[in-house]
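Chain by chain, the residues:
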Amino acid sequence: IAIVLVIVLLFIGFAVFFVVARDSVTPPLDPVSRPGGTSAEDPYFPQHGATGYDALGYEADLTWDEGTDTLSGHSTMTARLTGDLSSLALDLLLEPSAVSVDGAEADFTVERDQKLVVQLPDGSRSGEEVSVRVEYSGQPGQVTPGANVQPAWHTQGDEHILAGEPGSAPFWLPTNDHPSDPATLDVTLRVRAGDAGLSVGALEGHTTEGDTEVWQWSLAEPAPTYAYTIAVGDFEIEEGEEDGRPYLYAVSNQLPAATKAEMFETLRLTPGVIDELEELYGTPYPYGQMGGIVPAHRFWFGALETATRPVYFSEMMTDPDEARRIVIHEYAHMWVGNTVTPAQWKEIFLNEGLASHAEWVLAERQGGQPAEAMLATYYHQLGSRAGFWTVDLRDPGVDHMFEQAYLRGPMAVEALRRVIGEDAFAELMTVWTGQQGPATVQDFVTMSQDVSGKDLSDFWRAWLEGTEPPPNTAEYGLGV
Ligand code: ARG
Ligand code: ZN
């Protein structure tokens with residue numbers, strides 16, 4: 001025992017000596033900071049986003065000059081570092097002129113056209129909050145976006161609106177432009193007197209300073225950057241409160257009076273649609289505001305789920321049933337897409353499949369065609385078309401992300417509802433929409449099995465990945 005004790009003591013003594021001696025001779029290690037990633041590593045849009053930080057909120061103060069079509073001003077991003085960084089990257093297609101970090105001037109470079117790389121102070125550590133202020137200006141209508149991104153700045157006469165998915169933020173605001181990093185937004189827009197400067201969230205202030213109108217907006221709940229919008233022009237505004245929730249609808253004064261009246265009629269469906277969606281999802285509407293913007297520009301895609309205030313293109317909204325369907329779709333996105341966001345763009349089924357399915361269920365609940373019948377119709381009519389079952393909905397590819405997700409997406413969700421039953425489906429919607437932040441299709445698949453207690457691996461393989469129609473078995477109620 002004595003020998004063992006001596007050996008142990010010697011060993012401890014040696015270890016202590018070693019540590020103390022080493023500490024006294026070796027200088028402290030340099031901070032291991034490295035550049036933040038200049039891509040969110042999304043396979044579909046590798047030019048988008050960044051890594052190394054989590055954006056918490058953006059604040060912008062911007063002036064629109066109608067004479068030169070120039071947007072200029074500054075923005076500040078508050079972010080929490082997720083690594084020990086020497087620099088971080090932001091997406092911006094306009095021209096930065098000065099950058100500061102926590103109030104101190106910072107060096108920056110612009111890489112690959114839309115990547116603004118900002119040097120951080122030495123010793124910037126994981127977990128710290130930084131505020132990055134960028135002064136910039138440019139003509140959003142003149143810039144060229146990167147691969148697979150359409151111009152998002154739409155102009156009609158003296159009216160301009162920003163709307164685009166997947167890429168729209170780099171046209172106007174330096175951001176981590178990837179849906180895996182939703183954040184809040186506060187924006188002040190300075191426009192010429194007589195024009196409106198619109199955005200998302202609450203209208204916090206509206207004043208006139210000389211020949212400038214100042215519009216201040218605040219989105220208090222996070223949204224992905226493609227779900228931000230700004231619009232400038234001559235708009236008619238209708239404001240009020242319903243069910244204790246403020247609304248603000250804006251319709252372009254360039255539209256004919258009859259169209260404007262129709263558009264306001266459609267926008268007024270919003271509070272009712274929100275109630276119906278709260279019922280479907282079993283979770284409260286995630287935003288404190290509601291509304292909508294109908295620009296003069298008639299067509300982009302249909303609509304975009306900009307947070308609290310979707311953009312609707314009037315050409316798509318002329319039929320009242322179709323208009324209601326679109327309002328349901330865009331408001332469903334406030335839960336599925338804007339609150340539970342796609343971790344990568346390939347997860348777009350989570351947005352479009354679920355939002356399109358909400359249209360089906362709400363039509364059913366209004367006495368329209370049952371969703372089950374919609375499923376059967378789609379299965380027999382669209383489903384027999386060549387090419388209908390060729391895209392893998394879990395990874396549709398960048399060229400097909402906005403196609404089958406709207407058709408096979410709701411089919412898969414409705415088939416799931418048939419298989420797991422109404423109660424499990426309701427529970428799944430509640431648990432799913434109760435989340436916040438990035439999610440994957442695999443998360444949804446796993447949750448559907450956890451909630452229903454069923455092994456759904458064959459089901460999901462057939463309905464999402466299948467390269468041929470799923471079997472016409474009785475459980476789907478597809479009829480003959
Ligand atoms: N998310 C929009 C909607 O479902 C449509 C976006 C379409 N984007 C596109 N690049 N085609 O209402
Ligand atoms: Zn959609």
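Our structure's up above, just so we're on the same page.
The structure contained in this document is the topic of the report that follows. Keep in mind it's a predicted model, so treat the numbers as computed, not measured. (Residues numbered from 1 in each chain as written. Chains lettered and ligands numbered in written order. Predicted model: local features only at pLDDT ≥ 70, side-chain atom pairs only at ≥ 80, totals over all residues. Heavy atoms only, no water.)

**Focus on the sheet that holds strand 11 (residues 159-162)**
In sheet architecture, strand pairing relies on hydrogen bonds along the backbone and comes in two forms, parallel and antiparallel. Read from one edge of the open sheet, 4 strands run 10-11-16-13, paired in antiparallel fashion. Taken across any chain shown, the strands that pair with only one partner, and hence form the sheet edges, are strand 10 (153-156) and strand 13 (196-198). Put simply, the sheet's adjacent strands are angled 10 degrees from each other on average, direction ignored. In this structure, strand 10 lies alongside strand 11, joined through 4 bridges in antiparallel fashion. Pairing of Trp-153 across the sheet is with Leu-162, part of strand 11. (Pairing = 2+ DSSP bridges. Helix = DSSP H or I, 4+ residues; strand = E, 2+ residues; numbered from the N terminus. Axes fitted to C-alpha atoms, helices over the stretch in contact; angles between N-to-C directions.)

**Some words on the coordination of the zinc ion (ligand 2)**
Around the zinc ion (ligand 2), the protein contributes the donor atoms His-329 (NE2), His-333 (NE2) and Glu-352 (OE), at 1.9 to 2.0 Å from the metal centre. Each of the 4 donor atoms bound to the zinc ion (ligand 2) contributes to angles spanning 98 to 137 degrees, and the resulting shape is irregular. In primary sequence terms, the donor set of the zinc ion (ligand 2) follows H-x3-H-x18-E. Taken together, the residues His-333 in helix 4 (residues 320-335) and Glu-352 in helix 5 (residues 349-365) connect sequence positions 19 residues apart. For the residue pair His-333 and Glu-352, the accessibility class agrees, reading buried in each case. (Donors = N, O, S within 2.8 Å, 3.2 Å for Na, K, Ca; no water. Tetrahedral: all angles 85-135°; square planar, octahedral: opposite > 155°, others 65-115°. Buried < 20%, exposed > 50% of the residue type's maximum accessible area, 1.4 Å probe, protein only.)

**Notes on the packing of aromatic side chains**
Taken as a whole and judged by the stated rule, the model has 25 aromatic pairs. Pairing Tyr-58 with Tyr-228 gives two aromatic rings, centres 6.2 Å apart and planes at 75 degrees, and the pair type is edge-to-face. Here Tyr-58 is found in strand 2 (residues 53-65), whereas its partner Tyr-228 is found in the loop between strand 15 (212-223) and strand 16 (231-233), with 170 residues between them in sequence. Note on Tyr-58: relative accessible area 2%, which makes it buried. With 6.1 Å between their ring centres and 65 degrees between their planes, Tyr-285 and Tyr-287 make a pair best called edge-to-face. Members of the aromatic cluster, connected to one another through ring pairs, are Phe-349, Tyr-379, Phe-388, Trp-389, Trp-432, Phe-444, Phe-459, Trp-460, Trp-463 and Tyr-476. (Phe/Tyr/Trp six-rings, centres within 6.5 Å; stacked < 30°, edge-to-face > 60°.)

**Focus: the packing of helix 5 against helix 7 (residues 408-433)**
Running from amino to carboxyl end, helix 5 crosses helix 7 at an angle of 85 degrees, the nearest separation of the two axes being 11 Å. One element, helix 5, and the other, helix 7, form an angle in the roughly perpendicular class. Listed contacts from helix 7 to Phe-349, Leu-350, Gly-353, Leu-354, Ser-356, His-357, Trp-360, Val-361, Glu-364 and Arg-365 of helix 5 are Gly-409, Pro-410, Met-411, Ala-412, Val-413, Glu-414, Arg-417, Glu-422, Phe-425, Met-429 and Trp-432. For the contact of helix 5 with helix 7, a count of residues per class yields 12 nonpolar, 4 polar and 5 charged. (Parallel < 35°, antiparallel > 145°, perpendicular 65-115°, else oblique. Contact = heavy atoms within 4.5 Å. Nonpolar A, V, L, I, M, F, W, Y, C, P; charged D, E, K, R; others polar.)

**Side note on the site of ligand 1**
Taken together, Glu-165, Trp-300, Phe-301, Ala-303, Glu-305, His-329, Glu-330, His-333, Glu-352, Phe-402 and Tyr-406 make up all the residues around ligand 1. Glu-330 is positioned with one of its side-chain polar atoms (N or O) 2.7 Å from an oxygen atom of ligand 1. Interatomic distance of 2.8 Å between a side-chain N/O atom of Tyr-406 and an oxygen atom of ligand 1. Burial of ligand 1 by the protein chains amounts to 88% of its free accessible area of 350 Å². (Near = heavy atom within 4 Å. Polar contact = N/O pair within 3.5 Å; in protein donor to acceptor, adjacent residues only side chain to side chain. Areas by Shrake-Rupley, 256 points an atom, 1.4 Å probe, with all protein chains shown as cover.)

**Examining the pairing of strand 14 (residues 202-209)**
It is a general feature of regular strands that their side chains alternate between the two faces of the sheet. Pairing geometry for strand 14 and strand 15, over 7 bridges, is antiparallel. Across the sheet, residue Leu-203 finds its bridge partner in strand 15, namely Trp-217. A loop of 2 residues connects strand 14 with strand 15, the two strands running antiparallel in sequence, and Gly-210 in this loop sits at a positive phi of about 65 degrees.

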